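Each chain is listed here by its residues.
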Amino acid sequence: MSWIRSSKAITAVVLLVIALGAVGTATAVSFDADSPESTEVGETMTFNVEMTDVFEDQPNEWTVDANTELKGATVQMIAEDVSGEEVARSDNSELQVSSEDGVNRVTIEIQGEVPGISSYSYENPDEQNFKVLEISQADGPSIEEWQAPRYTEASQEARNAIESAEDAGASEGDLQNAISSYNSENFGNAQDLAESAEDSAAGEEQTQQYLMFGGIALVVIVLIGGGYYVYQQRQENTSKLR
Amino acid sequence: MGKTLIGAMVQHLLKRNMKLAMIGFGQAGGKIVDKFLEYDARTGSGIVQSAIAVNTAKADLMGLENIPEDNRVLIGQARVKGHGVGADNELGAEIAEEDIDEVQGAIDSVPVHEIDAFLIVAGLGGGTGSGGSPVLAKHLKRIYTEPVYGLGILPGGDEGGIYTLNAARSFQTFVREVDNLLVFDNDAWRKTGESVEGGYDEINDEIVRRFGVLFGAGEVTAGDNVAESVVDSSEIINTLDGGGVSTVGYDTEAVEEAESSGLLSRFKGGDQNDMETANTTNRITALVRKAALGRLTLPCEVEGSERALLVVSGPSEHLNRKGIERGRKWLEEQTGSMEVRGGDYPVQEPNVAAAVLLSGVHNVPRIKELQQVAIEAQENIDEIQQESEENLESLVEDDEDELDPLF
Ligand SMILES: Nc1nc2c(ncn2[C@@H]2O[C@H](COP(=O)(O)OP(=O)(O)OP(=O)(O)O)[C@@H](O)[C@H]2O)c(=O)[nH]1
Ligand SMILES: [Mg+2]
């Protein structure tokens, strides 16, 4: 390699680096997926991801590792070239992709049962989330991860009850009792507490409403009475002739 | 504005409406005087200078609303214990004579120098008012120089012979004792199918309105326009002077009141175009006819009335000299009297009214009928009394007249 050639190559590399730097975002693998929905524990969930720019910032040949917390998960990964021709496929959690095969796109479909919740937190619902799918290099760094909220029927009902009590303006103390029951997975109790908290809040509000309506009614009565008085005064026949 | 005010003040000095001391005798009289007070206060008419109620029935006096308690005089307590005379007007007259000092005691509080006349109001069919009011009239005439007028209420035709008899006798005496007897006939005002009893409120309103407009004429308040020929108390007194029986006709019509009273309407009034003037004139003459030919307080023939007074009342922009003069002329023709007075009585309200006072009326079939029925009733009563005496005699006496009385 002559000096000139090599200097040309260096220039090209520099230019390429600048160009890449300018584009910036193209330096990572891209994923296209709908964010996974909140799902009840025990239900089967299916999640699809489409991966492009497969070799950006990755070796020319690497192994895609699909990791999940879904129980009894089945994974299917299909690699296609630009023309959409399938070039590689895997029915387990790993798929080797090589730029030499012209891999352009990898579709990943994962299906499994939503796992049970080990620890509940009303205040930080994210802590109840589970990992639907994590894409990483096999034995390497993680590339992307999707999480999903999950619930059990009992926990969801309790949560709804507590939220509703909050909206109704239940007292902080009552709410705390319900929440701590929730956090300790005593959902039936949490729901009861939340509902009674809401009831007493509503009762209080009702009382206030009654008071307010009473006040309004009083004002209306006074107005009507006053109006009638004025009307009467006006109506009072001051006519001499009729 | 200044000119108007001065005009009004001058007018106020020269002309004023009737100020009356009213005495309601008996229940009907008390109620009507009570109502006059209410009308006075409600309309600001200023007719009633003093109001007194006299009765033999305590309950009737207590039922009054506007007459001051001190002016309610209960008479005949010694004889009827506050229970009324029960349509015995001879007893009513006797009691009035006996207790006239008690009545006078109340009249002593009347500022007589401020009144134009006394007006005694009574139902002539009952006992207390029927018998007492002629007695009171006679008494007042003896003591005061002010004229004493009566307002007598005739009974409804369905009230029975004794009421008719009472009324006929009282009427005769009352007319003789007063300077003029204004008459209102309940029978003419009874609504068909309605007993007079139920309709007294409306009837009393009618009475008070008609006489109120008449007696109120001449009253000038600061805001009133200077009318062209305002009626005043002297004209009413002159019309009533000469005595006899009087009746009042009345009619009213709603008109649009000028939006602004005062200066603007005065200019407008000055600007009244020919069309409006003709309308105003026609309205007034039509009202006068309807008043005189419509229902009078005592129905009678207009022709033959000795004197008459026409009062046309309404907002001044709806009054004009021409209309009143035509109405007055028409009344002259109708009555055949040369003594027909007329004038206006400006008020600020959206009505125009004509009040016609016919004084010294002669042709009154109702009075003749009343007397006829009364005579029959009198005969009946005598007959029944005689019969019952005979019956009692034939019951008590033994046929052969063998028994001797004890002593
Ligand atoms: N217009 C009118 N007439 C009345 C009213 N009350 C009674 N009358 C008439 O008056 C007559 C009865 O006279 P009263 O005034 O009730 O009797 P009084 O003078 O209280 O006499 P006694 O009750 O007999 O002691 C009846 O013929 C009724 O038609 C009333 O409020 N308005
Ligand atoms: Mg009575």
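Conventions used here
Residues numbered from 1 in each chain as written. Chains lettered and ligands numbered in written order. Predicted model: local features only at pLDDT ≥ 70, side-chain atom pairs only at ≥ 80, totals over all residues. Heavy atoms only, no water. Pairing = 2+ DSSP bridges. Helix = DSSP H or I, 4+ residues; strand = E, 2+ residues; numbered from the N terminus. Axes fitted to C-alpha atoms, helices over the stretch in contact; angles between N-to-C directions. Contact = heavy atoms within 4.5 Å. pLDDT = per-residue confidence, 0-100. Near = heavy atom within 4 Å. Polar contact = N/O pair within 3.5 Å; in protein donor to acceptor, adjacent residues only side chain to side chain. Areas by Shrake-Rupley, 256 points an atom, 1.4 Å probe, with all protein chains shown as cover. Salt bridge = Lys/Arg side-chain N within 4 Å of Asp/Glu carboxyl O. Buried < 20%, exposed > 50% of the residue type's maximum accessible area, 1.4 Å probe, protein only. Buried area = accessible area lost by both parts, 1.4 Å probe. Nonpolar A, V, L, I, M, F, W, Y, C, P; charged D, E, K, R; others polar. Core = buried A, V, L, I, M, F, W, Y, C linked by side-chain atoms within 4.5 Å. Domains from an automatic or database assignment. Phe/Tyr/Trp six-rings, centres within 6.5 Å; stacked < 30°, edge-to-face > 60°. Lys NZ or Arg CZ within 6 Å of the ring centre and 35° of its normal.

Novice: What exactly am I supposed to notice about the sheet that holds strand S6 (residues 180–185) of chain B here?
Specialist: Two modes of strand pairing occur in sheets, parallel and antiparallel, and in both the strands are linked by backbone hydrogen bonds. All names here are of chain B. Taken in spatial order, the ten strands make up an open sheet running S3-S2-S1-S4-S5-S6-S7-S10-S8-S9, and their pairing is mixed. The open sheet is flanked by strand S3 (72–74) and strand S9 (339–346), the only strands paired with a single partner. For this sheet, the mean angle separating the axes of adjacent strands, direction not counted, is 20°. One ladder, built from six bridges, connects strand S4 (residues 117–123) with strand S5 (residues 148–154); its direction is parallel. Looking at S5, one finds that Leu119 is bridged to Tyr149. Where helix H7 (residues 128–143) meets the sheet, it contacts strand S1 (20–25), strand S2 (48–55), S4 and S5, and its direction lies at approximately 165° from that of S4.

Novice: I'm lost on the confidence of the model for chain B in this one. Help?
Specialist: Fine structural detail should not be taken from predicted coordinates in areas where pLDDT scores are low. Residues and elements named next belong to chain B. Confidence in the prediction of chain B, expressed as mean pLDDT, is 89, and 88% of residues score 70 or more. Note on residues 222–226: pLDDT under 50 across the span, and 14 contacts to partners over four residues away in sequence or across chains. Note on residues 260–270: pLDDT under 50 across the span, and six contacts to partners over four residues away in sequence or across chains. Here the predicted complex scores 0.65 on pTM and 0.78 on ipTM.

Novice: I keep staring at the site of ligand 1 and nothing clicks. Help me out?
Specialist: Residue and element names in this part refer to chain B. Residues in contact with ligand 1 amount to 25 residues; listed here are only the nearest, Ala87, Thr128, Gly129, Glu159 and Asn204. In the model, an oxygen atom of ligand 1 is placed 2.7 Å from a nitrogen or oxygen of the Ala87 main chain. Between ligand 1 and Asn204 there is a distance of 2.7 Å, counted from a nitrogen atom to a side-chain nitrogen or oxygen. Contact with the protein chains hides 92% of the accessible area of ligand 1, taken as 640 Å² for the molecule alone. At the level of elements, helix H2 (26–43), H7 and helix H10 (196–216) are the ones that each hand at least two residues to the shell around ligand 1.

Novice: Any chance you could explain the pattern of salt bridges here in plain terms?
Specialist: Side chains bearing opposite charge may pair, as long as their charged atoms lie close to each other. All names here are of chain B. Overall, the coordinates contain 27 salt bridges over all chains when judged by the stated rule. Of the charged contacts in the structure, one is a salt bridge between Arg176 and Glu177, with a shortest N-O distance of 3.1 Å. Given a relative accessible area of 12%, Glu177 falls into the buried group. A salt bridge links Glu332 to Arg328, with the shortest nitrogen-to-oxygen separation between them at 2.8 Å. With Glu332 and Arg328 both in helix H14 (residues 321–335) and four residues apart, this pair spans about one turn of that helix. Judged by its relative accessible area of 15%, Arg328 is buried. When salt bridges with common partners are traced through the structure, they connect Glu325, Arg328, Lys329 and Glu332 into a single cluster.

Novice: Hey, could you run me through the interface of chain A and chain B in this one?
Specialist: One frequent convention defines the size of an interface as the accessible area lost when the parts assemble. Opposite the seven residues of chain A that make contact, chain B presents 20 residues. Each partner contributes to the roughly 1,100 Å² buried at the junction of chain A and chain B, and carbon and sulfur atoms together form 49% of this total. Among the residues chain A hides against chain B, the three largest losses belong to A:Lys240, A:Leu241 and A:Arg242. Together they make up 78% of the total. The tally of links from chain A across to chain B stands at zero salt bridges. Counting across the interface, chain A meets chain B through six residue pairs in polar contact (both at pLDDT 80 or more). In terms of residue class, the side of chain A that touches chain B is made up of one nonpolar, three polar and three charged.

Novice: Sorry, what's going on with the pairing of S1(B) here?
Specialist: Side-chain positions along a regular strand alternate between the two faces of the sheet. Residues and elements named next belong to chain B. Within S1, six of the six residues are buried, leaving the element largely enclosed by the surrounding structure. Burial along S1 is two-sided: the residues Leu20, Met22 and Gly24 and Ala21, Ile23 and Phe25 are all buried. Of the strand pairs in this sheet, S1 and S2 are connected by six bridges, and their pairing is parallel. Note that in S2 the partner of Phe25 across the bridge is Val54.

Novice: Just to check I follow, could you spell out the nonpolar core for this structure?
Specialist: Nonpolar side chains tend to gather and get buried jointly when the protein is soluble and globular. Residue and element names in this part refer to chain B. In terms of nonpolar packing, the biggest core is built from 68 residues, with Ile23, Ile107, Phe118, Leu136 and Leu140 touching the most fellow members. For this core, the domains that each give at least three residues are domain 1 (18–216) and domain 2 (246–359). Look past the residues within four positions of Leu140 in its chain and what remains in contact with it is Ile23, Ile107, Phe118, Ile120 and Val148. In terms of nonpolar packing, the next biggest core, distinct from the first, is built from 48 residues, Phe36, Phe184, Ile237 and Val248 among them.

Novice: How should the side chain of A:Glu80 be read in this particular structure?
Specialist: Position of A:Glu80 relative to the elements: it lies in strand S5 (residues 71–80). Non-local contacts of A:Glu80, meaning those with residues more than four positions away in its chain, are made with A:Glu85, A:Glu86, A:Val87, A:Gly102, A:Val103, A:Asn104 and A:Arg105.

Novice: Sorry if this is basic, but what is going on with the sheet that holds strand S3 (residues 44–52) of chain A here?
Specialist: Residues and elements named next belong to chain A. Taken in spatial order, the five strands line up as S1-S3-S8-S5-S6 in an open sheet, and their pairing is antiparallel. Across the chains shown, the open sheet's two edge strands, defined by having one partner strand only, are strand S1 (30–32) and strand S6 (86–90). Averaged over all neighbouring strand pairs, the angle between strand axes comes to 20°, with direction disregarded. Note: S1 against S3, three bridges, orientation antiparallel. Within S3, the position partnered with Ser30 by the bridge is Thr52.

Novice: I keep staring at the packing of aromatic side chains and nothing clicks. Help me out?
Specialist: Remark: the centre distance and the inter-plane angle together describe each pair of aromatic rings, the angle taken between the planes. Scanning all chains against the criterion turns up ten aromatic pairs over all chains. Joined through ring pairs, the aromatic side chains of A:Tyr120, A:Tyr122, A:Tyr182 and A:Phe187 make up one cluster. Taking the ring centre of B:Trp189 as reference, the NZ or CZ of B:Arg295 above it sits at 3.9 Å.

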